[in-house]
Amino acid sequence: MFGLPTATVVIIFGIPAIWVIYTLVFVYLSRGWKAEDVAEDQEHTARNSRGGNTPNGPSTSANHERRPGSENGGLA
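Residues numbered from 1 in each chain as written. Predicted model: local features only at pLDDT ≥ 70, side-chain atom pairs only at ≥ 80, totals over all residues. Heavy atoms only, no water.

Each helix and strand counted, the chain has 3 helices and 0 strands in total. For the chain, the sequential pattern of α-helices and β-strands runs α-α-α. The buried share of the chain, taken over its 76 residues, is 9%. (Helix = DSSP H or I, 4+ residues; strand = E, 2+ residues; numbered from the N terminus. Buried < 20%, exposed > 50% of the residue type's maximum accessible area, 1.4 Å probe, protein only.)

Once that is clear, we can look at the UniProt feature "transmembrane region" (unreviewed entry) in the chain. When the UniProt feature table is mapped onto this chain numbering, "transmembrane region" (unreviewed entry) sits at residues 6–29. The span residues 6–29 is 100% helix and 0% strand, and its two end C-alpha atoms sit 33 Å from each other. (UniProt positions renumbered as here; feature names shortened; annotations may be inferred.)

All right, on to the packing of aromatic side chains then. Counted according to the given criterion, the structure contains 2 aromatic pairs. Above the face of the Y28 ring, R31 is positioned so that its terminal group lies 4.1 Å from the ring centre. (Phe/Tyr/Trp six-rings, centres within 6.5 Å; stacked < 30°, edge-to-face > 60°. Lys NZ or Arg CZ within 6 Å of the ring centre and 35° of its normal.)

The grouping of M1, F2, L4, I12 and F13 at the surface amounts to a nonpolar patch, some 570 Å² of accessible area in total. Here F2 lies in the segment before α1 (6–29). Given the relative accessible area of 73%, F2 is considered exposed. (Patch = residues over 30% accessible without salt bridge, like charges linked within 9 Å, V, L, I, M, F, W, Y side chains within 5 Å. Areas by Shrake-Rupley, 256 points an atom, 1.4 Å probe, with all protein chains shown as cover. Salt bridge = Lys/Arg side-chain N within 4 Å of Asp/Glu carboxyl O.)

Structure follows, in structure tokens:
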């Protein structure tokens, strides 16, 4: 094609084609993430209302309130 070597054509068109396929697969596999987040939030709310949230549970580590300046140890 256009007098280019076959390997060059494969690289020029192959890498973007692989990237597009990867993106489409990612979008397809991640289509239900919003529903999972909603279900997880409802479970977290129900667990907290019963007082059954454990300190080592997965919901506590992800839901701490953010404090300003804590991302870099309080350094400028």
